[in-house]
Amino acid sequence: MSGIDAVKKIVETEAQARRIVDEAAARAQKIISETREQAERIKQEAVSSAQGRREGILREAKEKAEAEETEQTLDTYRKLSDERKAAAVTKAVALILNA
């Protein structure tokens, strides 16, 4: 092999090595980009799922609080009704006995 052939071979090998490195860099960049996109999708899914769970928990807590408040209101009305009934019965008995 002559000196010129050896130089041509070295130049060709270097060019081939540059292409291989460039292709590897491009593939690496593509993998990085795809990984970032996948991570973003996973993040969005997690955020969406967490928001859904949060809304469900808040809705359940609100419903429970409203039910408890309604139950307390009903108990208050029952007590008032019982007190008024007792007072009415007492007055009726007193009126009957005094008649």
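Here, the structure is the one placed above.
Residues numbered from 1 in each chain as written. Predicted model: local features only at pLDDT ≥ 70, side-chain atom pairs only at ≥ 80, totals over all residues. Heavy atoms only, no water.

*Asks:* Tell me about a nonpolar patch on the surface, residues and numbers included.
*Replies:* On the surface, a nonpolar cluster with roughly 290 Å² of combined accessible area is contributed by Leu74, Tyr77 and Leu80. Considering the arrangement of structural elements, one finds Leu80 in helix H1 (residues 3–98). Judged by relative accessible area, which is 35%, Leu80 ranks as partly exposed. (Patch = residues over 30% accessible without salt bridge, like charges linked within 9 Å, V, L, I, M, F, W, Y side chains within 5 Å. Areas by Shrake-Rupley, 256 points an atom, 1.4 Å probe, with all protein chains shown as cover. Salt bridge = Lys/Arg side-chain N within 4 Å of Asp/Glu carboxyl O. Helix = DSSP H or I, 4+ residues; strand = E, 2+ residues; numbered from the N terminus. Buried < 20%, exposed > 50% of the residue type's maximum accessible area, 1.4 Å probe, protein only.)

*Asks:* For the pattern of salt bridges, give the residues involved together with the corresponding values.
*Replies:* Evaluated as defined, the whole model comprises four salt bridges. Glu23 is the salt-bridge partner of Arg27, the closest N and O atoms lying 3.9 Å from each other. Taken together, the residues span about one helical turn, with Arg27 and Glu23 both in helix H1 at a distance of four residues. On the basis of relative accessibility, which here comes to 53%, the residue Arg27 falls in the exposed class.

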